Amino acid sequence: MNEPAKKKIKSVLGRMAEAVGIFARDFRSKMVVVTFHRINDWMEEDGITCHPVKFEAFCEFFRRHFRVVRVSEQIAGCRNGRAMGGTLSITFDDGYLDNFEVAAPILRRLGLPAAFFVATGFIGTDFKPPWDEHLARQPGWMSWDQVRSLRDQGFEIGAHTNEHIDLGTKDPEAIRAELARCRAKLQEALGAPPTLFAYPFGGRENISPSSLDLVREAGFECCLGAFGGVNPPVADPFRLNRISVGGWFATPHQLGLEILLRRA
Ligand SMILES: [Zn+2]
């Protein structure tokens, strides 16, 4: 069976699961964090690009099935041993310009909180990361004024290193320097040190135990990976997993079915 057909079947199964109340029952036992990268309608959808209409449909789905909260509320719950099942938080990685121009207005209209994890070395530059080198037109990064504006609109800003390095392979000195640089830039731009941290790339292989210790030492209160999992209601804030949502999910119901099938 080809991919589109599989997605269609998963979407149909998701609709059925929703209709008979399985989503409602199951999601109460999971703490979910989703992450997006780019929201725009001029790029083709891919693993990190999602069209605005679809993004809005995902948001409506989140609102229908979860208590959508700030990621910091989930972290606070984790730190206090409070069960956070049934909650979902929305995050964005890297700092793409369309986060400010497209995603934030949609979130505000729907009244949903979100956190933006920025690679501080990208902000206000025209840097071309390796994964975007093939693109004829670059999607661009937010400026520091735009990052501040997001904060002023009530969104949270988190750290995502300075140069988006792979913490799973770098030596401790390089990691310490990256974390310090990223923290200093955010502190300078926003007037307060960041407490939230999301791993660049976010795969299991990018999250070494030693780098996790360094993130903790640097003063962060959490570590968010992104290898597709959901979290138990009471979770370790330094081992939170996220589901990356891009073009791969054809519909919210397909995503709902994936959440249903993941073990917390
Ligand atoms: Zn990233």
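One can find the structure itself at the top, above this paragraph.
To keep things clear, this report deals only with the structure shown in the data block.

Cut-offs applied
- Residues numbered from 1 in each chain as written.
- Predicted model: local features only at pLDDT ≥ 70, side-chain atom pairs only at ≥ 80, totals over all residues.
- Heavy atoms only, no water.
- Axes fitted to C-alpha atoms, helices over the stretch in contact; angles between N-to-C directions.
- Helix = DSSP H or I, 4+ residues; strand = E, 2+ residues; numbered from the N terminus.
- Left-handed = near helix turned anticlockwise from the far one by under 90°.
- Contact = heavy atoms within 4.5 Å.
- Nonpolar A, V, L, I, M, F, W, Y, C, P; charged D, E, K, R; others polar.
- Buried < 20%, exposed > 50% of the residue type's maximum accessible area, 1.4 Å probe, protein only.
- Salt bridge = Lys/Arg side-chain N within 4 Å of Asp/Glu carboxyl O.
- Donors = N, O, S within 2.8 Å, 3.2 Å for Na, K, Ca; no water.
- Pairing = 2+ DSSP bridges.
- Parallel < 35°, antiparallel > 145°, perpendicular 65-115°, else oblique.
- Expected span 1.5 Å × (residues − 1).
- Arc of directions from axis to C-beta.
- Polar contact = N/O pair within 3.5 Å; in protein donor to acceptor, adjacent residues only side chain to side chain.

Where helix H3 (residues 52-65) contacts helix H5 (residues 97-110), the two axes come as close as 11 Å, and the packing angle between them is 35°. For the pair H3 and H5, the sense of crossing is right-handed. Here H3 contributes Pro52, Phe55, Glu56, Cys59, Glu60 and Arg63 to the contact with H5, which in turn contributes Val102, Ala103, Ile106, Leu107, Arg109 and Leu110. Looking at the contact of H3 with H5, its residues break down into 8 nonpolar, no polar and 4 charged.

A positive phi angle, close to 95°, is found at Asp94, a residue other than glycine. Among the secondary structure elements, Asp94 is positioned in strand S5 (residues 87-94). A relative accessible area of 2% means that Asp94 is categorised as buried.

Let us look at the pattern of salt bridges. Scanning the entire structure with this criterion turns up 18 salt bridges. For Glu60, the salt bridge goes to Arg63, with nearest N and O atoms at 3.1 Å. Taken together, the residues span about one helical turn, with Glu60 and Arg63 both in helix H3 at a distance of 3 residues. Under the relative-accessibility criterion, Glu60 is labelled partly exposed at 30%. Using a relative accessible area of 40% as the deciding quantity, one classes Arg63 as partly exposed. In this structure, the salt-bridge partner of Arg151 is Asp152, at a minimum N-O distance of 2.8 Å. With relative accessibility at 58%, the residue Asp152 sits in the exposed group. One connected set of salt bridges, linked through shared partners, spans Lys10, Glu258 and Arg262.

The protein atoms that coordinate the zinc ion are Asp94 (OD), His160 (NE2) and His164 (NE2), at distances spanning 2.0 to 2.1 Å. The sequence motif formed by the donor residues of the zinc ion is D-x65-H-x3-H. Here the residue Asp94 occupies a position in strand S5, and His164 occupies one in the loop between strand S7 (156-159) and helix H7 (172-190), the gap between them amounting to 70 residues. An identical accessibility class is assigned to Asp94 and His164; each is buried.

Further remarks concern the side chain of Gln146. With respect to the helices, strands and loops of the structure, Gln146 is situated in helix H6 (residues 144-152). Residue contacts for Gln146: discarding those within four places in its chain leaves Leu97, Phe100 and Trp141.

Right, let's talk about the pairing of strand S1 (residues 32-36) for a bit. Summarising burial for S1: 5 of the 5 residues are buried, a large majority. Residues Val32, Val34 and Phe36 of S1 are buried on one face, and the alternating residues Val33 and Thr35, pointing to the opposite face, are buried as well. Sheet topology places S1 next to S5; 5 bridges connect them, and they run parallel. Pairing of Thr35 across the sheet is with Thr91, part of S5. Relative to strand S8 (residues 243-244), S1 runs parallel, the two being bridged by 2 bridges. Residue pairing across strands places Thr35 opposite Ser244, the latter belonging to S8.

For the pair helix H1 (residues 3-19) and helix H9 (residues 252-261), interaxial distance at closest approach is 7 Å and the crossing angle is 75°. Relative to H9, the element H1 is oriented roughly perpendicular. For the pair formed by H1 and H9, the contact residues are Lys7, Lys10, Ser11, Leu13, Gly14, Arg15, Ala17 and Glu18 on the first element and His253, Gln254, Leu257, Glu258 and Leu260 on the second. By residue class, the composition of the contact of H1 with H9 is 4 nonpolar, 4 polar and 5 charged.

With that out of the way, let us pick up H1. An ideal rise of 1.5 Å per residue puts 24 Å on 17 residues; H1 measures up with 24 Å between its terminal C-alpha atoms. Turning to H1, its buried residues number three or more, namely Lys7, Ser11, Gly14 and Ala17. For H1, the arc enclosing every buried residue in end-on projection is 120°, short of the 170-degree limit, so these residues lie on one face. In H1, the exposed positions that point more than 90 degrees away from the buried face belong to Lys8, Arg15 and Ala19. As for H1, its buried residues are in contact with helix H2 (22-27) and H9. Its side-chain oxygen at 3.0 Å from the backbone nitrogen of Ala5, Asn2 defines the N-terminal cap of H1. Of the residues one or two after H1, Gly21 is the one with positive phi, at around 85°.

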